[in-house]
Amino acid sequence: RKEVEQDPGPFNVPEGATVAFNCTYSNSASQSFFWYRQDCRKEPKLLMSVYSSGNEDGRFTAQLNRASQYISLLIRDSKLSDSATYLCVVIATSGTYKYIFGTGTRLKVLA
Amino acid sequence: NAGVTQTPKFRVLKTGQSMTLLCAQDMNHEYMYWYRQDPGMGLRLIHYSVGEGTTAKGEVPDGYNVSRLKKQNFLLGLESAAPSQTSVYFCASHKGGLEQYFGPGTRLTVT
């Protein structure tokens, strides 16, 4: 079983739609969680951190469920510019800050 | 403030040739990482460093060597390139448990 698993997609959604991605992780000792965004042939960039209480940044909402070991990302009112690959990242801080990346979920927002 | 830079951006090597990829960061980060990204595989950690003068193996270290002689630089070496090392290489750095900042990547083709 992979340490971090994501549905690769692609998720094809019309502009204005709401879309949600999930990511599951296997290490219950994982400490920190992030969503990164990666545009085609570019470097990953931080989208948002994920906190136990859930957090929101504009149209984006991230949630963490430690009991079921998954994190989620909800995008409301999708824009064409949201088209990208979304990477789930989990950190197990065993003293060396080991970042584990999911393979990413590809989103295409259609006009 | 340039962030994380990588040199070169593109390179084509023949099997058996050697090369060094340079990563530089100007954010005074302690932690630096080298990843490779292949289609469908996500980001895989090659080597990392938790401070100047230190290096450690990641998930896929075979065929690569690294050095961190200065805090701001992290070098990745390929002593004898193989076609299996054709990939996109990303360098990243962070200050400890926080956002990783990525360089723009190096696209390497080994023929």
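First things first, this report covers the structure right here in the doc. In this convention, every chain numbers its residues from 1, walking through the sequence in written order. Chain labels run from A onward and ligand labels from 1 onward, assigned in the order the entries are written. Given that this is a predicted model, residues contribute local features only at a pLDDT of at least 70 and side-chain atom pairs are listed and counted only at 80 or more, while totals for whole chains, interfaces and linings are drawn from all residues. Hydrogen atoms and water are omitted, and side-chain values are computed over all heavy atoms in the structure.

### As for the overall build of chain A
What counts as a helix is a DSSP run of H or I of at least four residues, what counts as a strand is a run of E of at least two, and both are numbered from the N terminus. A count of helices and strands for chain A gives zero helices and eleven strands. Starting at the N terminus and ending at the C terminus, chain A contains elements arranged as β-β-β-β-β-β-β-β-β-β-β. Values of the radius of gyration come from C-alpha atoms, whereas the globule rule sets the reference at 2.2 Å times the count of residues to the power 0.38. On C-alpha atoms alone, chain A measures out to a radius of gyration of 14 Å, which is about the 13 Å that the 2.2 N^0.38 rule sets for 111 residues. By principal-axis analysis of the C-alpha atoms, chain A measures approximately 45 × 30 × 25 Å.

### Quick notes on the environment of glutamate 15 of chain A
Along the polypeptide, glutamate 15 of chain A turns up in the loop between strand E2 (11-14) and strand E3 (19-25). Those residues in contact with glutamate 15 of chain A that sit more than four places away from it in its chain are Ser78, Leu80, Val109, Leu110 and Ala111 of chain A. Contacts: residue pairs with any heavy atoms within 4.5 Å of one another.

### Considerations on the state of the cysteines
When two cysteine sulfur atoms lie within 2.5 Å, the pair is treated as a disulfide. A complete count under the given rule lists two disulfides over all chains for this structure. Put simply, cysteine 23 of chain A and cysteine 88 of chain A are joined by a disulfide, and their sulfur atoms are 1.9 Å apart. Between cysteine 23 of chain A and cysteine 88 of chain A, the S-S torsion sits near -70 degrees, and that sign places the bridge as left-handed. Of this pair, cysteine 23 of chain A sits in strand E3 while cysteine 88 of chain A sits in strand E9 (residues 84-92), placing them 65 residues apart in sequence. Under the scheme applied here, a residue whose accessible area is under 20% of the maximum for its type counts as buried, over 50% as exposed, and between as partly exposed, the area being computed with a 1.4 Å probe on protein chains only. Residue class for cysteine 23 of chain A comes out buried when judged on its relative accessible area of 0%. Assessed through its relative accessible area of 0%, cysteine 88 of chain A is described here as buried. Note on cysteine connectivity: cysteine 23 of chain B is disulfide-linked to cysteine 91 of chain B, with sulfurs 1.8 Å apart.

### Concerning the sheet that holds strand E6 (residues 55-57) of chain A
Residues and elements named next belong to chain A. Read from one edge to the other, the open sheet built from five strands follows the order E1-E3-E8-E7-E6, with strand pairing classed as antiparallel. Of all strands in the sheet, those with a lone pairing partner are strand E1 (4-6) and E6, marking the two edges. For this sheet the average axis-to-axis angle between neighbouring strands, irrespective of direction, equals 20 degrees. Between any two strands, at least two bridges found by DSSP are needed for them to pair. Axis angles are defined between N-to-C directions and span 0 to 180 degrees, where every axis is a line fitted to C-alpha atoms and, for a helix, only to the segment in contact.

### Here we look at the pairing of strand E5 (residues 42-49) of chain B
Residues and elements named next belong to chain B. The buried count for E5 comes to eight of eight residues, which makes it a mostly enclosed element. Direction of pairing for strand E4 (residues 31-38) relative to E5: antiparallel, over a ladder of seven bridges. Across the sheet, the residue bridging to aspartate 38 is glycine 42, located in E5. Hairpin connection between E4 and E5: a loop of three residues separates the two successive antiparallel strands, and glycine 40 in this loop has a positive phi of roughly 75 degrees. Bridge count between E5 and strand E6 (residues 56-57): two bridges; the pairing is antiparallel. By the bridge assignment, histidine 47 is partnered in E6 with lysine 57. Connecting E5 to the antiparallel partner E6 that follows it, the hairpin turn spans six residues, and glycine 53 within it adopts a positive phi of roughly 85 degrees.

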